[in-house]
Amino acid sequence: MYRIRLHGRGGQGIKTASQILGTAAFYSGYQAQDFPLYGAERRGAPIVAFTRISEKPVLERGPISSPDIILVGDETLLDDPQAAPLCGADESTAVFINSTLETSVLQQQLHLSSSLLKLNLTELCIQHLNKGTVLSTALAAAGARLVGMITLEALLKAVDAELSQQGIGSIQENLNLTKEIFQNLFPVVLKPRKEKTISPSEIILMEQANIEEAAPIILSPGNMILRKTGNWRVQRPEIDYEHCNHCLICYARCPDGAISLGPDDKPEIDYDHCKGCLICAQECPGHFINTVREAGVES
Amino acid sequence: MTALAGKYKKLKDLHPEEAITPGTGLCAGCGGLDGLRLALKELGENVLICNAAGCFTLLSVYPFTPLKGSWLYTTMGAPVPAAQGVRDALDIRLQHRELPDKEDLLVMTVAGDGSSNDIGLGATSAALHRNLDFIYFCYDNEAYGNTGFQLSAASPYGSATQTAPNTEFHPAGTEFFKKDLFEIWKAQKPTYIATVSPREPIDLSNKFAKAKTMSGSRMFICMSPCPTGWGFDPKESDLIAKLAVDTGMFPIKEYFEGQVTHTKRPQRRLPVEKFLQRQKRFRHLFEPECRHDIIENIQSHVDEYWSHYE
Ligand SMILES: Cc1ncc(C[n+]2csc(CCOP(=O)(O)OP(=O)(O)O)c2C)c(N)n1
Ligand code: SF4
Ligand code: SF4
Ligand code: SF4
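So, how was this worked out
Residues numbered from 1 in each chain as written. Chains lettered and ligands numbered in written order. Predicted model: local features only at pLDDT ≥ 70, side-chain atom pairs only at ≥ 80, totals over all residues. Heavy atoms only, no water. Helix = DSSP H or I, 4+ residues; strand = E, 2+ residues; numbered from the N terminus. Rg over C-alpha atoms; globule rule 2.2 N^0.38 Å. Buried < 20%, exposed > 50% of the residue type's maximum accessible area, 1.4 Å probe, protein only. Contact = heavy atoms within 4.5 Å. Areas by Shrake-Rupley, 256 points an atom, 1.4 Å probe, with all protein chains shown as cover. Lys, Arg positive; Asp, Glu negative; His and termini not counted. Charge placed at Lys NZ, Arg CZ, Asp CG, Glu CD. Core = buried A, V, L, I, M, F, W, Y, C linked by side-chain atoms within 4.5 Å. Near = heavy atom within 4 Å. 1 Å grid on protein atoms, 1.4 Å probe; cavity = no way out; pocket = protein on both sides within 12 Å on 5 of 7 lines; lining within 4 Å. Sits in = over half its atoms within 2 Å of the grid points. Nonpolar A, V, L, I, M, F, W, Y, C, P; charged D, E, K, R; others polar. Buried area = accessible area lost by both parts, 1.4 Å probe. Salt bridge = Lys/Arg side-chain N within 4 Å of Asp/Glu carboxyl O. Pairing = 2+ DSSP bridges. Axes fitted to C-alpha atoms, helices over the stretch in contact; angles between N-to-C directions. Points joined across faces, edges and corners; volume = space filled by probe spheres on them. Polar contact = N/O pair within 3.5 Å; in protein donor to acceptor, adjacent residues only side chain to side chain. Domains from an automatic or database assignment. pLDDT = per-residue confidence, 0-100. Left-handed = near helix turned anticlockwise from the far one by under 90°.

**Focus on the overall build of chain B**
A count of helices and strands for chain B gives ten helices and eight strands. In terms of overall dimensions, chain B is globule-like: its C-alpha atoms have a radius of gyration of 19 Å, near the 19 Å expected for 310 residues. Taking the principal axes of the C-alpha coordinates as reference, chain B spans close to 70 × 45 × 40 Å. Buried positions account for 56% of the 310 residues belonging to chain B. Pairs at least 24 residues apart make up 69% of the contacts formed inside chain B by residues separated by at least 6 positions. Just so you have it, chain B exposes about 12,900 Å², and 53% of that area is on carbon and sulfur atoms. Here chain B holds 34 positive side-chain charges and 37 negative ones, and the gap between their average locations is 4 Å.

Pasting the structure below:
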């Protein structure tokens, strides 16, 4: 069985990528299982999806903790401890990263024992689809090629089927993108992984608790601030203080209240929480808020 | 009867405190969240929100809450009955159980358009009949957002939703015009009704500042551009909100003592296409061919509305 884990953000088409991959494997004569996992969060929050591919019926369930292939669609997640896309990677794992950086640079920064591959999918998406924000086809194509036994024909059929079903246009552009990625990558040789035997865990008996203890009552007002949403950001807004005239429009428009006012009404962005919607940059009348692509791995 | 004067003129006048912290799980660029944030800046911390199941239920996810005030989660149909119960309990304790006045809370309902227009409307009507002393905040993202954007009675004619997609037999997608919740509420003559937009923070803040000084039922509809459901880049949330007002599709107004006043009139109304063409939910009106007939129906509907006021 091949276990593939895909990482990205809500809105980037990670779930669809896992579906295309599963369908392509199915069209190549394999059994497949695919599903996403996300919390209550919305677009922008880290999400993970899984595809299992096997010659025999897939009876295994649940998230994949020891993946054969990891596909990272969004490199800004690499140093995010909550998303932890490289978790569970070992010398038998192949890690693919959508990145602008060279493989050697990535390898140096990530210290992986796994084999590492990269391709700038965002750039290819921009070339073919005119936008780099939706990675469903690109990530699926990369995964399908790396896993090896999926044919280009089956992959193209799966892209067509999944995108048509979701009413997504520009099918031909997506097929061209698929071909290019397929031709740019090569199957990885996956080192065989010892199948783990899973023993049943002990049953935990739940006892009736008092209502004061059992009811989900929150007694700490405003504690949501402890949760950081800064890792949702793909682009970072940066205020050009030399020109900012303190008109406060950005402060009024930020839905998350991530812009506060310092002395002299100086707007200050809280990067721990700014989700990178870029409303502030769009709305600043003098265009005094620049947007910078978040660098993935810190050097 | 003159419209109530507003106390705020500039953004600098907005209440400096935030009553809602960042860190919530709502989408980046959620227009409704900015609306609620600005409203709560004005209403402050002594507020108890009764929330109907919907997107904004994600605000408070155990064990975290972004609110400085209180929050009670209810079913989709019951945020107003919950508000009635809380109000009654507070009143009884204030009158008979020596609860100090400073412990009193402003009771508020926060509900989506689905809850407000559909399953919750009967209970709201009952509460308006009793002139329940509360503030109602309906964030109108024009569909059932939390469950994946299905049709609500507030989905506008011509928009595609999950349950009203554009098909051969239903070329418009949504076949009916948006329910006029403002007029439905108005028929019961509550103390105050207003529509607000996050793009108009001063107008919004003035309306909440006024409502705060009143008693009885004070009803708000907040236009809530929804990048996820409407299909636009999150950074365009406020641009979309502005176009909704400039095309006349979302009138900004208030009702007080029998009088309706438009507080932000579009100077010269833009054609509705300007608003429609930026959103994926209306794309079928432009591609593969332009559906002038459907767009014309939308325009006439807007023109008809304004013919009473222009
Ligand atoms: C009676 C009932 N039916 C269905 C649901 C499932 N449900 C939860 S939230 C939601 C959507 C609510 O839509 P709306 O009120 O417009 O708020 P939004 O999600 O758009 O914020 C639905 C259908 C429910 N909670 N209760
Ligand atoms: S990008 Fe700007 S408006 Fe959006 S969350 Fe960050 S600070 Fe707020
Ligand atoms: S909108 Fe622009 S000019 Fe105005 S306060 Fe913000 S950064 Fe400064
Ligand atoms: S789906 Fe729309 S209304 Fe709901 S949280 Fe996201 S942007 Fe806001």
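Having seen it, we continue.
**With respect to the overall build of chain A**
Per the secondary structure count, chain A includes nine helices and ten strands. Structurally, chain A occupies a C-alpha span of about 65 × 60 × 40 Å along its principal axes. Across the 299 residues that make up chain A, the buried fraction comes to 50%. A sequence separation of at least 24 residues applies to 68% of the contacts in chain A between residues at least 6 apart. Within the structure as shown, chain A displays about 15,100 Å² of accessible surface, and the carbon and sulfur contribution to it stands at 52%. With 26 positive and 35 negative side-chain charges, chain A shows a separation of 6 Å between the mean positions of the two kinds.

**As for the nonpolar core**
Residue and element names in this part refer to chain B. With 52 residues, the main nonpolar core has L36, F56, M108, F137 and F208 as its most contacted residues. Considering each element in turn, this core owes the most residues, six residues, to helix α1 (residues 31-43). Setting aside residues no more than four positions away along its own chain, M108 makes contact with L36, L40, L43, V47, L48, I49, C50, I135 and F137. Formed by 51 residues, the second largest nonpolar core is a distinct cluster that contains C138, A143, W185 and I221.

**What to know about the site of ligand 2**
Residue and element names in this part refer to chain A. Around ligand 2, the neighbouring residues are P237, C254, I259, I269, C274, K275, G276, C277, L278 and C280. When atom positions are compared with the pocket grids, ligand 2 is found to occupy the largest cavity. Considering only residue class, the shell around ligand 2 consists of eight nonpolar, one polar and one charged.

**Topic: the interface of chain A and chain B**
Note: interface size is frequently given as the accessible area lost on complex formation between the parts. Taken together, the 37 residues of chain A in the interface contact 45 residues of chain B. Roughly 3,500 Å² of surface becomes buried between chain A and chain B when both sides are summed, with 58% attributable to carbon and sulfur atoms. Among the residues of chain A in contact with chain B, A:R42, A:R43 and A:M224 are the three that bury the most area, contributing 21% of the side total. Summed over the shared surface of chain A and chain B, the number is three salt bridges. A salt bridge links A:D265 to B:K12; the nearest nitrogen and oxygen atoms lie 3.6 Å apart. Those elements that place two or more of their residues in the side of chain A that touches chain B are α8 (249-253) and α9 (279-283) of chain A. No other element matches α8(A), which puts four residues into the side of chain A that touches chain B.

**Digging into the environment of A:A84**
Take A:A84: it is sitting in the loop between β4 (69-72) and β5 (94-98). Each C-alpha atom, one on A:A84 and one on A:Q31, is 28 Å from the other, the two residues being 53 residues apart in sequence.

**Regarding the sheet that holds strand β3 (residues 46-54) of chain A**
Residue and element names in this part refer to chain A. Ordered in space as β2-β3-β1-β4-β5-β6, the six strands form an open sheet in which the pairing is mixed. The open sheet is flanked by β2 (31-37) and β6 (115-119), the only strands paired with a single partner. Across the sheet, the mean angle separating the axes of adjacent strands is 15° when strand polarity is ignored.

**Description of the layout of surface pockets**
Residue and element names in this part refer to chain B. As a volume, the second largest pocket reaches approximately 620 Å³. Looking at the second largest pocket, it is lined by 29 residues, and the ones nearest its centre are K178, K179, M249, P251 and H301. Secondary-structure elements contributing two or more residues to the lining of the second largest pocket are α3 (113-117), β4 (134-140), α5 (181-186), β6 (217-223) and α10 (292-307). Counting residues per element, the lining of the second largest pocket draws most heavily on α10, at five residues. A class-by-class count of the residues in the lining of the second largest pocket yields 17 nonpolar, four polar and eight charged.

**Focus on the site of ligand 3**
Close contacts around ligand 3 come from A:I239, A:C244, A:N245, A:H246, A:C247, A:L248, A:C250, A:P267, A:C284, A:P285, A:F288 and A:I289, and that covers them all. In terms of residue class, the shell around ligand 3 is made up of ten nonpolar, two polar and no charged.

**Focus: the environment of B:K253**
All names here are of chain B. Mapped onto the elements of the fold, K253 is located in strand β7 (residues 252-256). The class for K253 is buried, based on a relative accessible area of 3%. Sequence separation of K253 and K264 is eleven residues, and the distance between their C-alpha atoms is 7.1 Å. Side chain to side chain, K253 and Y305 meet in a polar contact 2.8 Å long.

**So, the domain arrangement of chain A**
Residues and elements named next belong to chain A. Assigned domains within chain A: domain 1 (2-184) and domain 2 (224-293). Each of domain 1 and domain 2 has a C-alpha centre, and the two are 32 Å apart. Contact with domain 1, which involves 14 residues of that partner, is made by six residues of domain 2. Buried surface at the junction of domain 1 and domain 2, both sides included, amounts to about 740 Å², of which 42% is carbon and sulfur. The interface formed by domain 1 and domain 2 holds zero salt bridges in total.

**Points about the confidence of the model for chain B**
Across chain B, the average pLDDT comes to 96, with 98% of residues at or above 70. The complex prediction reports pTM at 0.86, with the ipTM value standing at 0.96.

**Thoughts on the packing of helix α4 (residues 136-147) of chain A against helix α6 (residues 171-184) of chain A**
Residues and elements named next belong to chain A. At their nearest, the axes of α4 and α6 sit 9 Å apart, and the two run at 35° to each other. The handedness of the crossing between α4 and α6 is right-handed. Judged by residue contacts, T137, A138, A141, A142 and R145 of α4 engage N174, L177, T178, I181 and F182 from α6. Its residues assigned to classes, the contact of α4 with α6 shows six nonpolar, three polar and one charged.

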